[in-house]
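Analysis of the macromolecular model
Spelled out, the chains give:
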Amino acid sequence: MRSLIAAALRGADPAEPATGWAERRTADAILVSQPGGYRLDTGGGAHDVWQFERAAGAGYRAMEAGDLARAALRLGEALALWRGEPYAGVAAGPRLRREIERLETSRLSVLDQWMEAQLGLGRHAELVSELSGLVARYRTNEPLHAHYMVALLRCGQHDEALTAYERLRVALKGESGMEPSARLRRLQRSVLAVRNTTVRPLYRPRVPAQYSPARARLVPAGSVG
């Protein structure tokens, strides 16, 4: 296998023995022996995971610096590298399953920060549709539900935000028997307060009509008594 990879890198005939730098590179960096099997690494930092982590790191640093526009750009670049599920179609053993879980956790973390940056830039109306699909897929993901509720709240959709909270509460209760976090409960109370303030009818005291001589009506003599 290593000789075939080396030959492919050189563009040579696979039947020709591989020697020199190309063979060493293949053995050391592309097809790596490890406990339980082999790891295929393209090397040079050109694979998608490396690019994803590089862009994500730049996005996180921009968030810490308060540069929301750059954070949204770099985190968006990281998310754009994802195409379907990691290692789709591969029979995953315990080691690979851990790597898949790590990558999925990393993606959700980047997605959370990207949403945070977009909301900070005032793009809540653009996010509502996408977040609706995400919370339907990740029924117990609290950060995504929080972003969804904030986006709905800013769009004036108070009842929809409360419905999203209730769906999350029911899903968490059914899956783990737990209630939403303190952050989500505070957010729900904020939505309730804003909704009640918005829909409550304002009391307007009745102002008595002012006397106007032009509107005075003469009463004929003898009509009173």
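Being a predicted model, the structure only gives us computed values, none of them experimental.

What counts, and at which threshold
- Residues numbered from 1 in each chain as written.
- Predicted model: local features only at pLDDT ≥ 70, side-chain atom pairs only at ≥ 80, totals over all residues.
- Heavy atoms only, no water.
- Helix = DSSP H or I, 4+ residues; strand = E, 2+ residues; numbered from the N terminus.
- Buried < 20%, exposed > 50% of the residue type's maximum accessible area, 1.4 Å probe, protein only.
- Contact = heavy atoms within 4.5 Å.
- Core = buried A, V, L, I, M, F, W, Y, C linked by side-chain atoms within 4.5 Å.
- Phe/Tyr/Trp six-rings, centres within 6.5 Å; stacked < 30°, edge-to-face > 60°.
- Expected span 1.5 Å × (residues − 1).
- Salt bridge = Lys/Arg side-chain N within 4 Å of Asp/Glu carboxyl O.
- pLDDT = per-residue confidence, 0-100.

**Overview of the overall build of the protein**
Scanning the protein from terminus to terminus reveals 9 helices and 2 strands. Starting at the N terminus, the α and β elements of the protein follow one another as α-α-β-β-α-α-α-α-α-α-α. Taken over 225 residues, the protein has a buried fraction of 31%. Put simply, 52% of the contacts in the protein that link residues at least 6 apart link residues at least 24 apart.

**Describing the nonpolar core**
Side chains of a nonpolar character, in soluble globular proteins, are inclined to be buried together. Judged by nonpolar contacts, the single largest core of 41 residues is most densely connected at Leu111, Trp114, Leu131 and Met149. Counting residues per element, the ones that place at least two in this core are α3 (48-64), α4 (68-80), α5 (94-120), α6 (124-137), α7 (142-154), α8 (158-176) and α9 (182-199). At 8 residues, α5 tops the list of elements feeding residues into this core. For Trp114, the contacting residues outside a window of four places in its chain are Ala72, Leu75, Gly76, Leu79, Leu127 and Glu130.

**Considerations on the side chain of His147**
Within the secondary structure layout, His147 lies in helix α7. His147 sits in the buried class, given a relative accessible area of 1%. Setting aside anything within four residues of it in sequence, one finds His147 in contact with Asp112, Met115, Glu116, Leu119, Leu131 and Arg183.

**So, the packing of aromatic side chains**
In this structure the tally under the stated criterion is 1 aromatic pair. Aromatic side chains Phe52 and Trp82 sit 5.7 Å apart centroid to centroid with 80° between the ring planes, which places their arrangement in the edge-to-face category. Taken together, the positions of Phe52 in helix α3 and Trp82 in the loop between α4 and α5 put the pair 30 residues apart, joining distant regions of the chain. By the burial criterion, Phe52 is buried, and Trp82 matches it.

**Brief notes about the environment of His145**
The residue His145 is located in helix α7 in this model. Here His145 falls in the buried class, since its relative accessible area comes to 3%. A sequence separation of 22 residues divides His145 from Arg167, and the C-alpha atoms of the two residues are 9.6 Å apart. Not counting the four nearest positions on each side in its chain, His145 is found in contact with Val135, Tyr138, Arg139, Thr140, Ala164 and Leu168.

**A look at the environment of Arg139**
Turning to its location among the elements, Arg139 is positioned in the loop between α6 and α7. In the structure, Arg139 is positioned 36 residues away from Glu175 in sequence and 9.9 Å away in space, judged by C-alpha atoms. If sequence neighbours within four positions are ignored, Arg139 has contacts with His145, Leu168 and Ala171.

**Observations regarding α8**
With 19 residues, α8 ought to run about 27 Å at 1.5 Å a step, and its terminal C-alpha atoms sit 27 Å apart, in line with that. Those residues of α8 not exposed but buried are His158, Ala161, Leu162, Ala164, Tyr165, Leu168, Ala171 and Leu172. Once α8 ends, the next one or two residues include Gly177, with phi positive near 75°.

**Quick word on the pattern of salt bridges**
Applying the stated criterion to the full structure yields 8 salt bridges. Residue Arg107 is joined to Glu104 by a salt bridge in which the shortest nitrogen-to-oxygen separation is 3.3 Å. With Arg107 and Glu104 both in helix α5 and 3 residues apart, this pair spans about one turn of that helix. Linking Arg195 and Asp159 is a salt bridge whose minimum nitrogen-to-oxygen distance equals 3.2 Å. On the criterion of sequence distance, the pair formed by Arg195 in helix α9 and Asp159 in helix α8 is long-range, its members being 36 residues apart. Connected via shared salt-bridge partners are Glu166, Arg169, Lys173 and Glu179.

**A short note on the confidence of the model for the protein**
Mean pLDDT over the protein: 79, with 66% of residues reaching 70 or higher. When pLDDT is averaged over each helix and strand of the protein, the minimum, 45, is found for helix α2 (residues 20-30) and the maximum, 97, for α7. pLDDT under 50 marks residues 207-225. Its contacts with residues more than four places away, or in other chains, come to 2 contacts.

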